[in-house]
Amino acid sequence: MKNERFAEDPDPRTGDLHVAVRDLLRSRGWLDQRRLADSRRWIPDELSSAVEKSLVDFFAAWHQHVDLVDVRWLDIAKALGAAPESDPFLEDPRHDLCELFCLVAGIGDAGRAFDKAVGQAGLLPERRSDQDLRTLATSIRGIDREHFADVELPGKSGLLFERIVRWPFTTGGAAIDWKGAGFRCDLQRYCECTGLDLSEVDDERSPPRCDRSLGQPQNLGTWLEVLGLKVAGEWFAGCLQRTPRTNRRDQVSAAAAKLREGLEAWMVIEGHAAGAFSSAGPEFQDEAGKVFAALLEHAIDVRLEAEPDNAWFRFEPNSVASRRMWFARAGFDGRAERMPAGVATKWGRLVKQELSSFRPLLEQEDRLPDGWKECVLSFLVAENSRVVASTELERESMLVRERRRVAERCHDLTLLYPGERFERGREHFLACADQVLQLEGLWEGMRQLLLAMRALKSPCVAVDLRYWDEPGVKASHHPRQPEEPWRCIPAKLVASFHALVGKEEAKDPELKALRSQFADFCLKGLRDKWNEKQRAEAESNGRERTNDDMVESSPEWRYCRVRAAKTLAINPEGRGHRLLQTSSEIDPDPKVREVANDAYQSLRRGVTLPEGMSPRRAVLGAFWWLRQAHLKALGYEIDRDGAQRTRIKELSRTKESERN
């Protein structure tokens, strides 16, 4: 069938609109035909036509809302056009499209000036539809995907709207008041109209030349400050919706690392000290808590983290374990009760696993393994074949001097002393202890630290039992001062006790539960490992128990465990005295048998704390005895007078704490 429709005369207003849009594009450099001759970047006709059509459709839709008012399109073209130049050259088409969008949307100073001009030309800003703006944004986004995806442009890594290289609604050289209300309103309006996907902000694929300082779009902290902390959740959720580049664990971990940088920047802006999460407010902690839950669900692989190849990096500040810890603290410091029960159980189990992973290190003697010199020398020779040492002394000096550097270069923990290795993870160790204290209470945190001290093969206190420096008082034997970094273990235990014991006393004024748990911990080490069959065989053939047959193999530790239990002055579950009675009969060490009998008689008679004595002193007194066990088991002589002075000082500090 033939087409019998007749052509109609074009609407003169629509024709003026096309002319105005073409004038606008020409004035901004989109239609400069000299580019091809000058070997400049060529903008294809298809691209120019697509941009022209999008703008014409937008202005036509806007015009329909103006109720047939005549519009002076040439005036609008002037308002849209760039400043006249002798040689207009569009440096970055992507960014120009961003600026054009902000202009026609009335965003920014230039957009507000445009609104004033078009209002005078008959195109009323209040009749501009947000839906039309969103349609225009979608259209431009489609143009970007079709024409710019594989084109090398200055803004290639700054995809339109999603990866903003610089703010499109601010004047080029003008200073940005990014904390001001005006800028905040402009950015919020921009996000609403474009449907900005914040998951792409601060992407690692942004050009290296981008300014990532605070106040710039490539810094996530800027968005958190200007748009509010709710952006953190939006940004993180958007990241998780994208297809993972490798696997979900790495994706969640990488997103958490970026968000941590943004939240830390926000804390700096707001004047909060590093790590002062409780003061950052509930909104900050709520957002951090959501990320922590995601990390706990998706970013745990203990077996992978514990592999020898990952040992060097396991607890570094930017490791997965450290990120989990940061968000756990950021989300729940000072409000551990807000952590969901299932999450708390899973997290508590994990941090205790990480604490226990330090014990093989604590059990190592303070020396380097055999063959370390050969390892260092082979690396130095491979690095520089002309490395020589004229004398044996020079060679030894060189190896000692270069050992740490070679360890860093090779990521070889075996070239570090145990203390040096512990120092690298000390912050994480203490953070794990803090989490146990918050989640499972004072005693469980103390128990974990006591287990660490029991495993330790280096002295963590001075011979007068101090864990603090005291330059004016010298002990009579080595070590004269508590050694770094091990001293942090007893120091953490005592500091945590003083910090949390008030809460325990509020519900248990005599600390009966805590003292009972501590005493039970001490007394369990007095048992033997034999089963009933072994006991019967030993009785028939007269076999005597040895230290290796006991749960606690060190006689020094068993002795001090008994003294500590007696100091606590409580009979755990009413059965502790039976363990002491058995110990007084079967322990292979006569000193332990003697002291166990003394403690048995005391507990059997129901001896309790002396009237008026603080239960805090009993707990610290028990710990004083276990510090003696630690040193004696390592072969050190106790400075008895110094140890008494230390005990008196601790008692006085306990008294001060009680008064406070």
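Residues numbered from 1 in each chain as written. Predicted model: local features only at pLDDT ≥ 70, side-chain atom pairs only at ≥ 80, totals over all residues. Heavy atoms only, no water.

### Some thoughts on the pattern of salt bridges
Tallied over the full model, the rule gives 51 salt bridges. Here Lys 352 makes a salt bridge to Glu 440, at a shortest N to O gap of 3.0 Å. Here Glu 440 lies in helix H19 (residues 418-440) and Lys 352 lies in helix H15 (residues 341-356), a separation of 88 residues in the sequence. A residue is classified by how much of its surface remains accessible, and Glu 440, at 36% relative accessible area, is partly exposed. Among the ionic pairs, Arg 627 bridges to Glu 650, the shortest N-O distance being 3.1 Å. Of this pair, Arg 627 sits in helix H27 (residues 615-633) while Glu 650 sits in helix H28 (residues 640-659), and the two are 23 residues apart along the sequence. The same class applies to Arg 627 and to Glu 650, which are both buried. Residues participating in the shared-partner salt-bridge network are Arg 249, Asp 250, Glu 305, Arg 324 and Glu 354. (Salt bridge = Lys/Arg side-chain N within 4 Å of Asp/Glu carboxyl O. Helix = DSSP H or I, 4+ residues; strand = E, 2+ residues; numbered from the N terminus. Buried < 20%, exposed > 50% of the residue type's maximum accessible area, 1.4 Å probe, protein only.)

### Some words on unusual backbone geometry
A cis amide bond links Glu 484 to the next residue, Pro 485, at an omega of -5°. Tracing the sequence through the fold places Pro 485 in the loop between helix H20 (442-455) and helix H21 (488-507). If you check the backbone angles, Leu 465 has positive phi at about 75° while not being a glycine. Tracing the backbone shows Leu 465 in the loop between H20 and H21. Notably, Leu 511 is not glycine yet its phi reads approximately 50°, a positive angle. Among the structural elements, Leu 511 can be located in the loop between H21 and helix H22 (512-524).

### With respect to the state of the cysteines
Here is the idea: a disulfide is a covalent bond, and it sits between the sulfur atoms of two cysteines. Within the structure shown, the criterion is met by zero disulfides. The thiol of Cys 488 is not disulfide-bonded; the next cysteine sulfur, from Cys 460, is found 8.8 Å away. Looking at Cys 522, it has no disulfide partner, and the nearest cysteine sulfur is the one in Cys 560, 9.9 Å off. The class for Cys 522 is buried, based on a relative accessible area of 0%. (Disulfide = S-S within 2.5 Å.)

### So, the nonpolar core
One broad trend across soluble globular proteins is that nonpolar side chains are buried collectively. The biggest cluster of nonpolar side chains holds 162 residues, and the ones touching the most others in it are Phe 59, Trp 223 and Phe 518. The greatest single-element share of this core, amounting to nine residues, is contributed by H27. If sequence neighbours within four positions are ignored, Phe 59 has contacts with Leu 17, Val 21, Trp 73, Ile 76, Leu 80, Val 104, Phe 114 and Leu 123. Ranked by size, the runner-up nonpolar core spans 13 residues in total, among them Trp 312, Val 376, Met 398 and Leu 399. (Core = buried A, V, L, I, M, F, W, Y, C linked by side-chain atoms within 4.5 Å. Contact = heavy atoms within 4.5 Å.)

### Observations concerning the side chain of Ser 319
Of note, Ser 319 is situated in the loop between helix H13 (302-305) and helix H14 (320-332). With residues near it in sequence (within four places) discarded, Ser 319 still touches Phe 313 and Arg 314.

### Re the confidence of the model for the chain
Averaged over all residues, the pLDDT of the chain equals 86, while 89% of them reach at least 70. Confidence drops under a pLDDT of 50 for residues 152-160, and excluding neighbours within four residues, the segment shows 31 contacts in the predicted structure. (pLDDT = per-residue confidence, 0-100.)

### Section: the environment of Arg 212
Residue position: Arg 212 is located in the loop between helix H8 (181-194) and helix H9 (220-227). Sequence separation of Arg 212 and Thr 222 is ten residues, and the distance between their C-alpha atoms is 9.7 Å.

### Focus: the packing of aromatic side chains
Considering all chains together, one arrives at 24 aromatic pairs under this definition. When the ring of Phe 422 is compared with that of Phe 429, the centres are 5.3 Å apart and the planes differ by 70°; the resulting orientation is edge-to-face. Residue Phe 422 is classed as buried on the basis of its relative accessible area, which comes to 0%. Centre to centre, the rings of Trp 443 and Phe 518 are 5.4 Å apart; their planes meet at 35°, and the pair counts as tilted. Placement of the pair is Trp 443 in helix H20 and Phe 518 in helix H22, with a sequence separation of 75 residues. (Phe/Tyr/Trp six-rings, centres within 6.5 Å; stacked < 30°, edge-to-face > 60°.)

### Observations concerning H19
Between the first and last C-alpha of H19 there are merely 29 Å, a value that for 23 residues lags more than 12% behind the 33 Å anticipated at 1.5 Å per step. When the local axis directions of H19 are compared, the greatest deviation, roughly 60°, occurs at Gly 425. One or two residues past the end of H19 sits Gly 441, with phi positive at roughly 100°. (Expected span 1.5 Å × (residues − 1). Bend = angle between axes of the 7 residues up to and from the residue.)

### Some remarks on the environment of Arg 26
If you trace the backbone, Arg 26 turns up in helix H1 (residues 12-27). With 55 residues separating them in the primary sequence, Arg 26 and Gly 81 have C-alpha atoms 8.1 Å apart.

### Section: the packing of helix H10 (residues 230-241) against helix H11 (residues 248-270)
For any two helices packed against each other, one specifies the inter-axial angle together with the distance between the axes. The contact between H10 and H11 brings their axes to 10 Å, and the two run at 160°. Overall, the two elements H10 and H11 adopt an arrangement that is roughly antiparallel. Note that H10 runs across H11; the crossing there is right-handed. Along the contact surface, H10 presents Ala 232, Trp 235, Phe 236, Cys 239 and Leu 240, while H11 presents Arg 248, Gln 251, Val 252, Ala 255, Ala 256, Lys 258, Leu 259 and Leu 263. Within the contact of H10 with H11, the residues separate by chemical class into ten nonpolar, one polar and two charged. (Axes fitted to C-alpha atoms, helices over the stretch in contact; angles between N-to-C directions. Parallel < 35°, antiparallel > 145°, perpendicular 65-115°, else oblique. Left-handed = near helix turned anticlockwise from the far one by under 90°. Nonpolar A, V, L, I, M, F, W, Y, C, P; charged D, E, K, R; others polar.)

### Brief notes about H21
For H21, which comprises 20 residues, the first-to-last C-alpha distance of 29 Å matches the rise-based estimate of 28 Å (1.5 Å per residue) to within 8%. Along its length, H21 reaches its greatest deviation from straightness, about 45°, at Leu 500. Among the residues of H21, those classed as buried are Cys 488, Ile 489, Pro 490, Lys 492, Leu 493, Val 494, Ser 496, Phe 497, Val 501, Glu 504 and Glu 505. Check the buried side of H21 and you find it contacts helix H16 (359-362), H19, H20, H22 and H27.

### Remarks on the packing of H14 against H19
Their axes nearest at 11 Å, the elements H14 and H19 cross at an angle of 40°. The angle between the axes of H14 and H19 places the two elements in the oblique class. Like other packed secondary-structure pairs, H14 and H19 cross with a definite hand, here left-handed. Within the contact between the two elements, H14 uses Ala 321, Ser 322, Met 325, Ala 328, Arg 329 and Phe 332 and H19 uses His 428, Ala 431, Cys 432, Gln 435 and Gln 438. In terms of residue class, the contact of H14 with H19 is built from six nonpolar, four polar and one charged.

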